Structure formats: C-alpha cells, structure tokens
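Chain and residue survey
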Amino acid sequence: MKIYLETIEEPISGKCAVTGKKVKFAKGYGFFAEGKLDRPVVEAEALKKGVFIKPKTMRRLSKLIDEGKKFEEVQRSSRKEFATWGAV
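Anyway, here's the lowdown on the structure attached to this text. Note that residues are indexed from 1 along each chain, following the sequence as it is written. The predicted origin of the model limits local features to residues at a pLDDT of at least 70 and limits the giving and counting of side-chain atom pairs to 80 or more, whereas totals for whole chains, interfaces and linings rest on all residues. Excluded from the side-chain calculation are hydrogens and water; included are all heavy atoms of the structure.

**Looking at the overall build of the chain**
Put simply, DSSP marks the helices as runs of H or I at least four residues long and the strands as runs of E at least two long, and each gets a number from the N terminus on. A tally of helices and strands in the chain yields two helices and four strands. Element order for the chain, N to C, with α for helix and β for strand: β-β-β-β-α-α. As defined in this context, the radius of gyration uses C-alpha atoms, and a globule is described by 2.2 Å times the residue total to the power 0.38. Relative to the 2.2 N^0.38 estimate, which gives 12 Å for 88 residues, the radius of gyration of the chain is 19 Å and therefore markedly larger than a compact globule would have. Counting every position in the chain, which comprises 88 residues, the buried fraction comes to 23%. Contacts spanning at least 24 positions in sequence make up 49% of the contacts within the chain whose residues lie at least 6 apart. The Shrake-Rupley method, run with a 1.4 Å probe, gives the accessible areas here. Residue values count only the displayed protein chains as cover. Counting only carbon and sulfur atoms, one obtains 55% of the accessible surface of the chain, whose full area is about 6,700 Å². Only protein chains enter the area calculation, which uses a 1.4 Å probe; residues under 20% of their type maximum are buried, those over 50% are exposed, and those in between are partly exposed. It only takes one pair of heavy atoms within 4.5 Å for two residues to be counted as in contact.

**Some remarks on the pattern of salt bridges**
The term salt bridge refers to a side-chain nitrogen of Lys or Arg lying within 4 Å of a carboxyl oxygen of Asp or Glu. Tallying each qualifying case throughout the model produces three salt bridges. With a closest N to O distance of 3.2 Å, Lys54 and Glu6 form a salt bridge. Here Lys54 is found in the loop between α1 (43-49) and α2 (55-87), whereas its partner Glu6 is found in strand β1 (residues 3-8), with 48 residues between them in sequence. By relative accessible area, which is 9% here, Glu6 ends up buried. A salt bridge links Glu45 to Lys49; the shortest N-O distance between them is 3.9 Å. Of this pair, Glu45 and Lys49 both sit in helix α1, four residues apart, which is roughly one turn of the helix. A network of salt bridges, in which partner residues are shared, links Glu45, Lys48 and Lys49.

**Looking at the nonpolar core**
Throughout, nonpolar core names a set of buried Ala, Val, Leu, Ile, Met, Phe, Trp, Tyr and Cys residues whose side chains join them through atoms within 4.5 Å. Residues Ile3, Leu5, Ile8, Ile12, Cys16, Val23, Phe25, Phe31, Phe32, Ala33, Val41 and Ala46 constitute the largest nonpolar core, which totals twelve residues. Looking at this core, the elements with two or more residues in it are β1, β3 (22-25) and β4 (28-33). Setting aside anything within four residues of it in sequence, one finds Ala33 in contact with Met1, Lys2, Ile3, Ala17, Arg39 and Val41.

**Looking at the packing of aromatic side chains**
Aromatic rings considered in pairs are described by the distance between their centres and by the relative angle of their planes. The rule is short: rings of Phe, Tyr and Trp, with Trp giving its six-membered ring, pair when the centres are within 6.5 Å, and they are stacked under 30 degrees, edge-to-face over 60, tilted in between. Summed over the entire model, instances satisfying the criterion amount to four aromatic pairs. Geometrically, the ring pair formed by Phe25 and Phe31 is edge-to-face, given 6.5 Å between the ring centres and 65° between the ring planes. On the basis of relative accessibility, which here comes to 6%, the residue Phe31 falls in the buried class. Pairing Tyr29 with Phe31 gives two aromatic rings, centres 6.0 Å apart and planes at 85°, and the pair type is edge-to-face.

Here is the structure:
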C-alpha cells in the first residue's frame, strides 16, 4: 500500500486505513492510502511506512511556499517602512 501526502481544502475524518484508529485532518494536508481521500492514514503511521508525493501535490506545496516567502518579504518591508516613519 502506498501512502500519499495530499493537500486538502476542508477537514477530513474517518478511520485509519492502516490501524483502524480515528483520524482527523484539518485544512491544509493529510495522509491517504493510495491517495484516496476516503482512506485517511494516521500521520505517525504514514511517516513510519514512507510517504509518496504526486507531482500535482508537489506543485501546490511549492506554490504555497512561494506565497509564504512573498508574504514574509512584504512583512519585512512594511516593518522597515514603519520604523523609518517613526525615526522622522
């Protein structure tokens, strides 16, 4: 069984496809057997068994990281600008 890291838009809950334990993922990401959202896998179990990432998911993650970096740059820039205003 392959376990995939998938990005999700809404919370998902169910029984772990590996252990049968309850599992719930909030918005963001989750681990799923065969990449199927109806087959969640507990995070600890997924990390033990190894995780695969589909190209589509990798692109989404890369985009999120890039957007986060841009946000941080804007934050730094605005802090510098406000600091300059305060010094005048």
